[in-house]
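Fold and contact review
Here is how the chains run, residue by residue.
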Amino acid sequence: MNSMYFTEEHNLFRKSLQDFLKKEVVPHIETWEKTGKIDRFIWKKFGDMGFFGINYPEAYGGLNLDLFYTIILQEELQKINSGGFAAAIWAHAYLAMTHLNAEGNDRQKKQYLVPSITGEKVGCLCITEPFGGSDVAGMRSTAVKQDDHYVLNGSKTFITNGVYSDYLIVAAKTNPELGNKGISIFVLDRDFKGITATKLDKLGWRASDTGEIAFDNVKVPIENLMGEENKGFNYIMQHFALERLIMGVNAHARAEYALEYALEYMKERHAFGKSINQFQALRHTIADLYTEVEICKEFNYSVTYRLNKGEYVVKEASMSKLKTTQVADEVIYQCLQFLGGYGYMEDYPMARLMRDSRLGPIGGGTSEILREILAKIIIDKKTYKPAT
Ligand SMILES: Cc1cc2nc3c(=O)[nH]c(=O)nc-3n(C[C@H](O)[C@H](O)[C@H](O)COP(=O)(O)OP(=O)(O)OC[C@H]3O[C@@H](n4cnc5c(N)ncnc54)[C@H](O)[C@@H]3O)c2cc1C
């Protein structure tokens, strides 16, 4: 493993994680992919192993480790080939919990972050709305203050863990007339009256539940506001750097997995009296794909290094997601081709991998939106600053 970024401790962590996933997760993946529901016991096992707390403060039960442990977690989750399971884990640990840790007060952290780290509570992050996801500032959900509570109305869609989570981190407009300066973030218990969720059917990520959620006059106590009122948009944007880097890392890891599998297959598969890995056309394609993945991986590690040091890497994280998700789709498409007809079969990993990978350029900021951000930085010299 790359010694420039990974120490012996990192490597030991990776090994124990691999063993854990092989023993505790892999035997259940086929069932969860079929039912679209991840058994609850695994959340607690992840919690017991400390996997949900690796980058969170010790004061709340976390391990406060550097960001490369998070990268290892994400990479290894991709290599068991269930984009849905990996998504469910990171939507909890790096979407919902990131907000809890950054904007939550001590009471909120004790109530939600601590049981999230132990795996007793599962969270989701609700930003996207049926009327539009890219235009975050255009969201229509409202939270109107009345005495000691807010009244929340509106709807969210495509929410990972949106059906089975215990709590929801929700963005809504507290001052709609202020546009993106009127958005606030709340934490809601699933059993607050007026919340309903419907599970959506989808192309890939089949093990994870993706929900459409309606809020009908939900009374949200004032103490469930997270951070400052009307600062929500800034909080959301700030966390996109980590989210997008993670999506880039996920993409290089699943591309690597596809290549590793395809190489083994090509060694064993024969045509015209020789292994198919001896055909020059395929060898050159492998050389090209490997080059692309390796370059993305090195770039993603360097961005991780800078983010870990506290740099605000909006530009680099956008580049990471934009480029690596595109490369992963191309690599996986081609690896499926290397397997011929078997690539198209569900008994082989490429079919699921291709379905799951397609979400990369869509979720957490589409490729078009990332190009918009990058164009503003590069051409208009726009600068972005962290909210806190
Ligand atoms: C499986 C899955 C899981 C998800 N999980 C979550 C989650 O947990 N929480 C959450 O909040 N969201 C989640 N999302 C939502 C995801 O982030 C959005 O789908 C994404 O941001 C795009 O929003 P949209 O689907 O509304 O597309 P739109 O915003 O309607 O965009 C449609 C098309 O128009 C393009 N477009 C839009 N604006 C521009 C522009 N200015 N310039 C050029 N092109 C543009 C887009 O790139 C896209 O191609 C999930 C989505 C999926 C599919």
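Refer to the structure presented above.
Here the structure is a predicted model, which means the values were calculated and not measured.

**Focus on the layout of surface pockets**
Put simply, the second largest pocket is a space of about 490 Å³. Taken together, 19 residues make up the lining of the second largest pocket; nearest its centre are N55, T98, H239, L242 and L307. Taken together, the elements giving at least two residues each to the lining of the second largest pocket come down to α4 (83-103), α6 (232-268) and α7 (280-308). Examining the composition of the lining of the second largest pocket, we find that four residues originate from one element, α6, more than from any other. Here the lining of the second largest pocket is built from residues that sort into nine nonpolar, eight polar and two charged.

**Some thoughts on the packing of aromatic side chains**
Scanning the model with the defined rule gives 19 aromatic pairs in all. Summarising the aromatic geometry, the rings of F13 and F51 are spaced 5.9 Å apart at their centres and angled 80° between planes, so their arrangement reads as edge-to-face. Taken together, the residues F13 in helix α1 (residues 8-35) and F51 in the loop between α2 (41-49) and α3 (67-78) connect sequence positions 38 residues apart. Judged by relative accessible area, which is 2%, F51 ranks as buried.

**Some words on the environment of F240**
Take F240: it is sitting in helix α6. The spatial distance from the C-alpha of F240 to the C-alpha of L17 is 26 Å, given a sequence separation of 223 residues.

Calculation rules
- Residue indices follow the written sequence of each chain, beginning from 1 at its first position.
- A pLDDT threshold of at least 70 governs which residues receive local features in this predicted model, and a stricter bar of 80 or more applies before side-chain atom pairs are shown or counted, although totals over entire chains, interfaces and linings include all residues.
- To obtain the side-chain values, all non-hydrogen atoms of the structure were used and water was disregarded.
- Of the two site types, the cavity is a set of points on a 1 Å grid over the protein atoms alone where a 1.4 Å probe fits but cannot get out, and the pocket is an open set with protein on both sides within 12 Å along at least five of seven lines, each lined by residues with an atom within 4 Å of a point.
- Grid points are joined across faces, edges and corners, and a volume is the space filled by probe spheres set on the points.
- Strands are runs of DSSP state E lasting at least two residues, helices are runs of H or I lasting at least four, and both sets are numbered from the N terminus onward.
- Under the scheme applied here, ten amino acids are nonpolar (Ala, Val, Leu, Ile, Met, Phe, Trp, Tyr, Cys and Pro), four are charged (Asp, Glu, Lys and Arg), and all others, including Gly, are polar.
- Each aromatic pair joins two rings of Phe, Tyr and Trp (for Trp, the six-membered one) with centres within 6.5 Å, and gets the label stacked for planes under 30 degrees apart, edge-to-face for over 60, and tilted for any other angle.
- Burial status follows relative accessibility: with a 1.4 Å probe on protein chains alone, a residue under 20% of its type maximum counts as buried, one over 50% as exposed, and anything between as partly exposed.

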